[in-house]
There are 4 protein chains.
Amino acid sequence: MLRAVHDIRLVGRGDRTETTVVDVGGVPVGGRDIIVMAGPCAVESEEQLVSTAVAVKRAGARILRGGAFKPRTSPYSFRGLQEEGLRLLGEARRVTGLPVVTEAMDTRHLDLVCAYADMIQIGSRNMQDYTLLEEAGRTRLPVLLKRGFSSTIEEFLLAAEYIASSGNDRIVLCERGIRTFETSTRNTLDLNAVPVLKRWSHLPVIVDPSHGTGLWWLVPHMARTAVAAGADGLLIEVHVNPQEALSDGEQSLRPEKFERMMNDIRPVALAMNRGW
Amino acid sequence: MLRAVHDIRLVGRGDRTETTVVDVGGVPVGGRDIIVMAGPCAVESEEQLVSTAVAVKRAGARILRGGAFKPRTSPYSFRGLQEEGLRLLGEARRVTGLPVVTEAMDTRHLDLVCAYADMIQIGSRNMQDYTLLEEAGRTRLPVLLKRGFSSTIEEFLLAAEYIASSGNDRIVLCERGIRTFETSTRNTLDLNAVPVLKRWSHLPVIVDPSHGTGLWWLVPHMARTAVAAGADGLLIEVHVNPQEALSDGEQSLRPEKFERMMNDIRPVALAMNRGW
Amino acid sequence: MLRAVHDIRLVGRGDRTETTVVDVGGVPVGGRDIIVMAGPCAVESEEQLVSTAVAVKRAGARILRGGAFKPRTSPYSFRGLQEEGLRLLGEARRVTGLPVVTEAMDTRHLDLVCAYADMIQIGSRNMQDYTLLEEAGRTRLPVLLKRGFSSTIEEFLLAAEYIASSGNDRIVLCERGIRTFETSTRNTLDLNAVPVLKRWSHLPVIVDPSHGTGLWWLVPHMARTAVAAGADGLLIEVHVNPQEALSDGEQSLRPEKFERMMNDIRPVALAMNRGW
Amino acid sequence: MLRAVHDIRLVGRGDRTETTVVDVGGVPVGGRDIIVMAGPCAVESEEQLVSTAVAVKRAGARILRGGAFKPRTSPYSFRGLQEEGLRLLGEARRVTGLPVVTEAMDTRHLDLVCAYADMIQIGSRNMQDYTLLEEAGRTRLPVLLKRGFSSTIEEFLLAAEYIASSGNDRIVLCERGIRTFETSTRNTLDLNAVPVLKRWSHLPVIVDPSHGTGLWWLVPHMARTAVAAGADGLLIEVHVNPQEALSDGEQSLRPEKFERMMNDIRPVALAMNRGW
C-alpha cells in the first residue's frame, strides 16, 4: 500500500480494470501490441538519424526516439543539436512515417518540441521539475515520463499526477533503472516496478533497458525480461556506429543487434498474449 | 568488466560455454528444466510441512525448501524448530520423495544439516561469513548460496569462490533482491544480475521472488519475469495458511496460488526453450 | 580522486589555498565566521515570517531563508505563496536588515526572485536542471546550490561548474543529506562530503541539518557536528509554531530551541577557530 | 520512533539518563574521556605491531586494535596470522599495557580470542551472524559490535539485543560507515547515527572513520567531526608503513599523522566537555 494513495487520483487505477491506451501519432501505447521506441541517444546528423530510423523501422520499431536537448552531467560534454536536432527528427519522420518522441528539459523548450514532435519526453533528472510537469500538462501532446533514478514508485506516480492535474492525461510511464550500490551495471533495472505501477495506476508502462543496464550486451536480455514483467513497450538506444556515438555509446545497439533482439523477444511476447 | 575478475577462478566462466549442472538429490539444477524449490519459510509442524510438501510437489516443484534454523532480526522472534525441524524435513522427503534444502547459519550447524538435507542453504545475512563458506566447501552436499542483500555481484561471486576453493564446486547462486531506497517493495529484485552472473560464471542461477518482492501478489509476476531473464530455477515460499505463518506470511503463496503461478510460468518457460 | 576532475575547472580548487568568500547582501560566506541562514521552510504569512526573522536575527542568524516557490512531492500540497511570498521576504528584510535567500524552481522564476532576493537557492530536486543552472549563471546574484539527494559529490561539483561556466562564480555549496536505505532519519547527512568538497573545490560549503535529518531534536546535534566537519555555514528551518507549519514542521525548530542551538554550537566553532 | 522499539529492551535507553560505562581491561568506555582505540588493520609481524602499539600509546590511544582473523572479500587475499596474531597482540599488551580488542569471525574463534584479548570485536559483515552474537553474549568479555554496512539503526540495536539477551550487557556500539551510491569515499559515515543511537540506547557509541571514509587524509577530519557528534570513542587504523600494509593501507594513518590528529581533536573534545 502506498502512503500517498489518496493523492494518486487521476492517474490512480481506481476501479478501471484496463490499461489506458495512449495514442502517439497514431500508434496505440497500452494496447495489445508491445510498442518499441528506438533510435539514437542524441541526434548527431541527418545521415546518422535517418539511417538509424530506417533500420529500426524495418526491425519492427513503431516510434522513433532521439535527443535534441541532452542533459549532460558535465557542461563541457556534447549537449545536443537543439532546434536543428528537432528539424532532423521531423525529417526522419517524413522519410519513415514513424512518430517521434524527444526530450524537453525546460519549460522554454516546450513550444519548440511541440512544433516538431509527437510525444514529449521528460527525463529522469527532471522527474521532479514540477513547473515542467505542469507545463507539459498544458500541452496537447502525450508525455513519456521517465522515473527519476532515485525516485520511489510513489513519487513517480505523484509526478504523473502533476501532469494529469494540469489537464493532460495522455501519459506513459517509463522505468529506466535506479541508482543503487551495485557497480557492475550503470543502474539497477527495477522490474518489480512494472507490476507495482500497474497495480496502482491505469497508465501504460514501458521499460528502458538501455539506461537500466548501461551495457549493450545486456540490453536484449533485459528487453525480453521486461516484456515478461508486463511492460507495454520498450525504449531502446540504437546507433549505426556506437563506438563513435557522442553520448551513451556503451549502451547502444547496432541495427543488426537490435533486429536480432526484436526476433528474440517475439516468443516471450506471444507467451504473454502480446503482439506487435 | 569486474575488477576482481582474476580472483574469480574456479567459479569463473573461463572458456566454458555451458552452465554447470548441479545434482541435488537426483534433481539437475542448471540443465534444460526450470527447477522450482518451494515450501514454507519456517518449518512449524509436521502437518504444516507435509501438507505443503505434498501440494507443491503436485503443482510441479522439484525440491522442498523449509527453514529449521531461522535468522531473525529480533532475538524475541520465532527462531525455528532447530533439530526437530530438520527431522520433519526428513519426514517430508520420505513422504514426497522431494530432495530438501535448508539453511545453516553457523559452522556448528553443518553436521546436523548434512545429516538431514540434500542441499545446504547459506542465507543472505551470512553470504560474507567466510568461515561458514569454507566449512560448507568441505562438505559433500551442494550449496545454495544466496546473494547478500547489499552485496555487489562481484562480492557474490567471490563468496562462491570461497566455497569452491575449499573443495566443493557444487554451488547454485540465488538472486533474492537487494536493499535500495524503494519502500513499496521489501527489496528490489535485481534481474540484471541473472545475465551478468551467467556472463561471468558457469554456475546455475536461481531467483527468489518471495524475498525479492516481499508481497505475495507480486511473487507470480516476478517468478515469470525471472524465467525470462534466464534463471535456471526459482525459490518460492508457500504456506498453507499465510496469515498464521510464524515468519514471512506476507510474502507466502497459498498452495492454490502457487499452482496457478506454475501454470502461468509455463508459456514463458517454453518460449525460453526451457521445460520442467 | 574524482573521475571527472578535468571538467571541474572553474570551481575546482586548483592551486588556491583559501576558500573563496561569497558576498551575500553584505554578509561574507566562506570567511572566518560561520554564517547561519535560518527561517521557515515556507513563507506562510507576514506575521509568521517577520516574527521568525526577528527571532533568528536576535539569536545570531545572518541571512533569512524562506520559500515562496515550494517543490512538493504531491500536486495537492501547499505550493507556496509565489510572488506574494517574495514580497513578504522583502518586507522581512526591510524590518530586520537580514539579506534573503529563496528558491527558484524554474528559469521563469528567476527574474522575479532576482527582483526580491539577495541569493538564489537551487533546490535538491533541481540540481541537475541544467537550463536553470545556466540561467542562474547569467544572473548577478550569488547562488546557493543544494546537493541532489542522490547525486554524487562529482555530479554536485559539475552542477556548480554549469553555473560558473555561464558566468557566475558566486556559488555556495550545500550538503543536505542523501537518500539511503536508513529509515530512522529522513535522509543520511553526508558529512564526509564537507572535507571532500573542500579538497576539490575552492567554494564555500554549508550544511542543512534540517533536511539532512528530518527530525527537529536531531538538528542541533548535527548543526554542531557540521561545524566540526569544517562547514562555513548552516541552513536551519525555524518556525514559530512547527505543529501548524504548512510544510516540514517535523524538522523545524522553535525560535527558543534555535537560540539554544546557537549557544551550543559556539564552543565548537571557537575550537575550530571560527567565529560569528 | 523505531518500529521495533518494544524488542529493544535490555539495550534500550528506558529511563536511564546516563550512558553505561563499559570497562575494557581497566579503560572506561562511555565515561567522560574520549577513548581512542588504534592500531593496524591486520597484525603482520611482531615488529610492525609492537612499534605501532608503542607509537599510538604515546599519542594518547588507550586501547590497541589489530586483526588476527581478517574477513576478506577474496579467498586469495591475506587472511590474517590467526592464533599467531593473537599471541603477538598479547605480547604488544605486555610491552605497552594497552588492553587489546580483536575480531572473532566465527563461534569457533571465540575461545581463542577470549584467551588473548580484552574485548571481542564483531565485524560489520557478521553483525547479523546471530549464533556468533549469542555465543559472544555468553563470554565474560566486553563486545565491540560494528554496524553492518547496510544495516539500519534498528537492526543494529536488535543485534546488540541478541548479545545482551544471552547474558552479556558489556557492549560498545560502533558506527563505521554505510554503503550508498557515493563513490568518492569507500563508505558514507552516518553521523546522524550517533545521536540517534544515544536517544534509543544507553550503550556507549564509538566511530570508525577509517572504514567510514576509506581515505587516510579524510580520517582526521571525520575523527574530529565524530567527537562533535557525541561519540564516546574512536577506532583508528594506524600503520608504520601504509604503502606496504597487507590490508587497508589506503585508509591507514602513519603514527606521526595519528599524533597530529590527536592534537587536532583535543579542542573539539574540550568544547564538548570531554577529555582523554
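Note that the structure is predicted; figures quoted are calculated from it, not measured. (Residues numbered from 1 in each chain as written. Chains lettered and ligands numbered in written order. Predicted model: local features only at pLDDT ≥ 70, side-chain atom pairs only at ≥ 80, totals over all residues. Heavy atoms only, no water.)

(A) Seen up close, the sheet that holds strand S4 (residues 63-65) of chain D. Residues and elements named next belong to chain D. With respect to topology, 8 strands assemble into a closed barrel ordered S3-S4-S5-S6-S7-S8-S9-S10, the strand pairing being parallel. Neighbour-to-neighbour, the strand axes of this sheet turn through a mean angle of 25°, independent of strand direction. As defined by bridge partners, strand S3 (residues 35-39) adjoins S4 across 2 bridges and the pair is classed as parallel. Residue pairing for S4: Ala38 is matched across the bridge by Leu64. With respect to the sheet, helix H2 (residues 83-96) is in contact with S4 and strand S5 (100-103), its orientation differing from that of S5 by roughly 165°. Together, strand S6 (119-122), strand S7 (143-146) and strand S8 (171-175) form the strand contacts of helix H5 (residues 153-165), whose direction differs from that of S8 by roughly 160°. (Pairing = 2+ DSSP bridges. Helix = DSSP H or I, 4+ residues; strand = E, 2+ residues; numbered from the N terminus. Axes fitted to C-alpha atoms, helices over the stretch in contact; angles between N-to-C directions. Contact = heavy atoms within 4.5 Å.)

(B) Summary view of the interface of chain A and chain B. Taken together, the contact between chain A and chain B spans 38 residues of the former and 38 residues of the latter. Counting the surface chain A buries against chain B, the share from its top three residues, Phe181(A), Asn192(A) and Trp217(A), is 22%. Run the count over chain A and chain B and you get 2 salt bridges. Close ionic contact of Glu182(A) with Arg147(B) constitutes a salt bridge, the shortest N to O distance being 2.8 Å. (Buried area = accessible area lost by both parts, 1.4 Å probe. Salt bridge = Lys/Arg side-chain N within 4 Å of Asp/Glu carboxyl O.)

(C) Molecular detail of the packing of aromatic side chains. If you walk through the whole model with that rule in mind, you get 4 aromatic pairs over all chains. Ring plane angle 20° and centroid distance 4.4 Å describe the contact between Tyr130(C) and Tyr162(C), whose orientation is recorded as stacked. Separated by 32 residues along the polypeptide, Tyr130(C) in helix H4 (residues 130-136) and Tyr162(C) in helix H5 (residues 153-165) bring together distant segments of the chain. Tyr162(C) sits in the buried class, given a relative accessible area of 1%. For Arg199(A), the ring lying beneath its charged end belongs to Trp217(B), and the centroid distance is 4.1 Å. Note that Arg9(D) overlies the ring of Tyr76(B), its terminal NZ or CZ placed 3.7 Å from the centroid. (Phe/Tyr/Trp six-rings, centres within 6.5 Å; stacked < 30°, edge-to-face > 60°. Buried < 20%, exposed > 50% of the residue type's maximum accessible area, 1.4 Å probe, protein only. Lys NZ or Arg CZ within 6 Å of the ring centre and 35° of its normal.)

(D) Spotlight on the side chain of Gln48(C). All names here are of chain C. Here Gln48 is to be found in helix H1 (residues 46-59). With a relative accessible area of 6%, Gln48 lands in the buried category. Within the structure, the side chain of Gln48 is placed 3.1 Å from the backbone oxygen of Ala42, a separation counted as a polar contact. What Gln48 contacts, discounting residues up to four positions off in sequence, is Pro40, Ala42, Val43, His239 and Val240. (Polar contact = N/O pair within 3.5 Å; in protein donor to acceptor, adjacent residues only side chain to side chain.)

(E) Main features of the relation of the copies chain A and chain B. For these two chains of identical sequence, chain A goes onto chain B by a turn of 180° and a shift of 0.0 Å along the axis, with RMSD 0.0 Å. Overall, the copies show the geometry of a two-fold rotation axis. Interface overlap between copies: 100% of the residues of chain A at the interface are likewise at the interface in chain B, consistent with a symmetric, same-surface contact. (Least-squares fit on C-alpha atoms with pLDDT ≥ 70 in both.)

(F) Structural context of the packing of helix H8 (residues 219-229) of chain C against helix H8 (residues 219-229) of chain D. Here H8(C) crosses H8(D) at 160°, and the two axes come no closer than 8 Å. In terms of orientation, H8(C) lies roughly antiparallel with respect to H8(D). With respect to the hand of their crossing, H8(C) and H8(D) are arranged in right-handed fashion. Judged by residue contacts, Arg224(C), Thr225(C), Ala228(C) and Ala229(C) of H8(C) engage Arg224(D), Thr225(D), Ala228(D) and Ala229(D) from H8(D). Across the contact of H8(C) with H8(D), the residue classes tally to 4 nonpolar, 2 polar and 2 charged. (Parallel < 35°, antiparallel > 145°, perpendicular 65-115°, else oblique. Left-handed = near helix turned anticlockwise from the far one by under 90°. Nonpolar A, V, L, I, M, F, W, Y, C, P; charged D, E, K, R; others polar.)

(G) The sheet that holds strand S7 (residues 143-146) of chain A, seen in detail. Residue and element names in this part refer to chain A. Strand order in this closed barrel of 8 strands is S3-S4-S5-S6-S7-S8-S9-S10, and the pairing throughout is parallel. Each strand of the sheet is rotated relative to its neighbour by a mean of 25°, with strand direction disregarded. Pairing of strand S4 (residues 63-65) with strand S5 (residues 100-103) involves 2 bridges; the strand directions are parallel. By the bridge assignment for S5, Arg65 is matched with Val101.

(H) Examining the confidence of the model for chain A more closely. Within chain A, residue pLDDT values average 96, and 100% of them lie at 70 or more. If you check the scores for this complex, the pTM reads 0.96 and the ipTM reads 0.96. (pLDDT = per-residue confidence, 0-100.)

(I) Layout of the pairing of strand S3 (residues 35-39) of chain A. With 5 of its 5 residues buried, S3(A) lies for the most part within the structure. The alternating pattern of S3(A) places Ile35(A), Met37(A) and Gly39(A) and Val36(A) and Ala38(A) on opposite faces, both of which are buried.

(J) Molecular detail of H5(D). Residue and element names in this part refer to chain D. In this model, H5 (13 residues) spans 18 Å end to end at C-alpha, consistent with the 18 Å of a helix rising 1.5 Å per residue. Burial within H5 is extensive, with 12 of its 13 residues counted as buried. Residues of H5 that are buried: Ile153, Glu154, Glu155, Phe156, Leu157, Leu158, Ala159, Ala160, Glu161, Tyr162, Ile163 and Ala164. As for H5, its buried residues are in contact with S6, helix H4 (130-136), S7, S8 and helix H6 (193-200). A positive phi of about 115° marks Gly167, the residue just after H5. (Expected span 1.5 Å × (residues − 1).)

(K) Spotlight on the pattern of salt bridges. Counted under the stated rule, the structure contains 76 salt bridges over all chains. For the salt bridge of Arg147(B) with Glu175(B), the shortest nitrogen-to-oxygen distance reads 2.8 Å. Of this pair, Arg147(B) sits in the loop between strand S7 (143-146) and helix H5 (153-165) while Glu175(B) sits in strand S8 (residues 171-175); the two residues are 28 residues apart in sequence, bridging distant segments of the chain. Neither Arg147(B) nor Glu175(B) differs from the other in exposure class; each is buried. The closest approach of N and O atoms between Arg3(C) and Glu154(C), which form a salt bridge, is 3.8 Å. Residue Arg3(C) is found in the segment before strand S1 (22-24), and its partner Glu154(C) is found in helix H5; the two are separated by 151 residues along the sequence. Taking relative accessible area as the criterion, Glu154(C) reaches 13% and is therefore assigned buried. Here the residues in one salt-bridge network are Asp106(A), Arg108(A), Glu135(C) and Arg138(C), joined through shared partners.

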